[in-house]
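Close look at the chain arrangement
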Amino acid sequence: MLEVRALEKSYGAKQAVRGVSFTVEKGTVLGFLGPNGAGKSTTMRMIAGVLEPDAGDALIDGRSILSDRRAAQAALGYLPEGAPLYEDMTPPEFLRFLAEARALPRNQRASAVDRSIADARILTVCHQRIGDLSKGYRRRVGLAGAILHDPPVLVLDEPTDGLDPNQKRAVRALIARMAPTKAIVISTHTLTEVPAMCHRAVLIDRGRIIADDTPAGLARKSEDGTLEGAFSRLTDQVEDETQ
Amino acid sequence: MKDFLTRQMSGFSATYRRELAAYFATPMAYVFLAVFLLALGLFTWEAGRFFDTGVADLQPFFAWHPWLYMIFLPALAMRLWADERASGTDELLLSLPIGIPGLVLGKLLAAWTVAAAGLMLTAPMWVSVNFLGNPDNTAIALTYFVSLLMAGAYLSIGAAVSALTGSQVAAFVISVVIAFVFTAAGWPLVLSSVQSLFGTGFADLVARFSFITQFEGAQRGVLELRAVAYFAGFTATFVYLNCLWASRQRLG
């Protein structure tokens, strides 16, 4: 479904991502973990075709993001970090814009918009400008945009960041509902929600994958048996090596 | 070939409609139209002495177009790309399966439509001269047409620079400077100093690249293919630069 092959990206002299590879099958929710600046967002941007990789490739539903970008992007739902949206539009206007830009067949646009509004539970705010919505609703409008065309692969950059516990639960429930039929990658640094949400966890630090396991397996790598322990032990270890 | 064009232009109509709606969703378009019309009226009557010429034509009105476009159209275009960058929505756009040329032209055409609306709202001026005398209406229609083309050229500067800088204020200032260079190059004041410095031949060359020079024929009601080709070519050049500068974002 999603195959990431040795992606690399440098910004000037700084190597942000150095050879990240993983595969996500349908029905899997992969948690993409790592400290700030580890290269999570850069990797996700490259998968989404927003950023050109220096080397490597990503296949979305078998289509290369490099040689067949538009077909690959058509099969991908992407939520950028911070869920940027057009503030002057209402949610339905925004979704209709996406439907048209994605060239969904004309007779399916209205039903796709209605379905994603229902799935993201934003019906009650449909008459408001996006700029006037709370953070939680804005994130859900962004999610509605990502699932609008019912893509087989979803890449969500920090979908629950900055939300209150109720909103987090709503987003987690939405992801769980979609999980059986899609390959989903979620980045987060809220480790507590990983076991509840993800089947697999990939830990990345300084542009490299340092662990790829189930959340339980990852937790066993620590002394105290928690994900947090594993997270700090593994990322500290890399720090020691580079010093 | 047709396939290639369809792919490149995908997203054009969605972008055009979204941008046009964005102009009118905020006070942006209304403020632009109001101030533009006010300034145009003021210059035509006060500085251009519309009534004192004693001739029923729109000469004093059209003469101000390049100068007002130079200031107003970069203001209209500055948000096109810089605003996306500031709010992060450029990332959303780049993740859509659409072509950069479709995006660029959709945005430019939306701004152009607002400018066209401004020109259309000057129609009362045209109606007035018909009450006052018998102007050459074909000539006036033609001047309007070339003026609209020229507006596209000014807007293409602003849109391209907006994609380059990513900041609205910087985009506005740089666009006005570029627009000033291409406008003032045909100004007698500038031309005479160029002539004394570099000779007549060079001054002619400079003048040929000026919007004012290219617009002169149209103001007399003459449709010059040269001027039409100039404005179309100028716009195409900046649209091309705009595509380059917008896709540069992908390189990080």
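Refer to the preceding data block for the structure.
Sequence order as written defines the numbering, with residues in each chain counted from 1. Here chains are named by letter from A upward and ligands by number from 1 upward, in the order in which they appear as written. Given that this is a predicted model, residues contribute local features only at a pLDDT of at least 70 and side-chain atom pairs are listed and counted only at 80 or more, while totals for whole chains, interfaces and linings are drawn from all residues.

1. Regarding the overall build of chain A
Along its length, chain A carries 9 helices and 10 strands. This radius of gyration counts C-alpha atoms alone. The globule rule is 2.2 Å times how many residues there are, raised to the power 0.38. For 243 residues, the compact-globule estimate of 2.2 N^0.38 gives 18 Å, and the C-alpha radius of gyration of chain A, at 18 Å, lies within 12% of that figure. For chain A, the spread of C-alpha atoms along the three principal axes comes to 55 × 40 × 35 Å. Counting other C-beta atoms within 10 Å of each residue's C-beta, where C-beta atoms are placed from the backbone, gives the exposure class: buried for 20 or more, exposed for 12 or fewer, partly exposed between. The buried share among the 243 residues of chain A stands at 46%. Each helix is a run of H or I in the DSSP string that is no shorter than four residues. Each strand is a run of E no shorter than two, and both are numbered from the N terminus.

2. Let's talk about the overall build of chain B
Scanning chain B for helices and strands turns up 15 helices and 0 strands. What you see for chain B is a C-alpha radius of gyration of 19 Å, in line with the 18 Å of a compact globule of 252 residues. Taking the principal axes of the C-alpha coordinates as reference, chain B spans close to 60 × 45 × 40 Å. Going through the 252 residues of chain B one by one, you find that 44% of them count as buried. Distance between backbone-placed C-beta atoms decides contact: two residues are in contact if it is within 7 Å. Residue pairs in contact within chain B that sit at least 24 positions apart in sequence constitute 81% of those at least 6 positions apart.

3. Observations regarding the interface of chain A and chain B
In this complex, chain A contributes 22 residues to the contact, which on the side of chain B involves 22 residues. If you list the elements that add at least two residues to the side of chain A that touches chain B, you get strand S1 (2-11), helix H2 (69-74) and helix H3 (91-101) of chain A. By residue class, the composition of the side of chain A that touches chain B is 13 nonpolar, 3 polar and 6 charged. Residues are sorted three ways: Asp, Glu, Lys and Arg are charged, Ala, Val, Leu, Ile, Met, Phe, Trp, Tyr, Cys and Pro are nonpolar, and all the rest, Gly among them, are polar.

4. Brief notes about the sheet that holds S1 of chain A
Residues and elements named next belong to chain A. Any two strands with at least two DSSP bridges between them are considered paired. Spatially, 4 strands are ordered S2-S1-S4-S5 in an open sheet, and the strand pairing comes out antiparallel. One side of each edge strand has no neighbouring strand; the edge strands of this open sheet are strand S2 (14-24) and strand S5 (63-64). By the bridge criterion, 2 bridges tie strand S4 (residues 55-60) to S5 in an arrangement that is antiparallel. Paired with Leu 59 across the two strands is Ser 64, which belongs to S5. Taken strand by strand, helix H1 (residues 40-47) contacts S1, S2 and S4, and its axis lies near 120° from that of S1. Angles here are taken between N-to-C directions and fall from 0 to 180 degrees, while the axes themselves are lines fitted to C-alpha atoms, restricted in helices to the stretch in contact.

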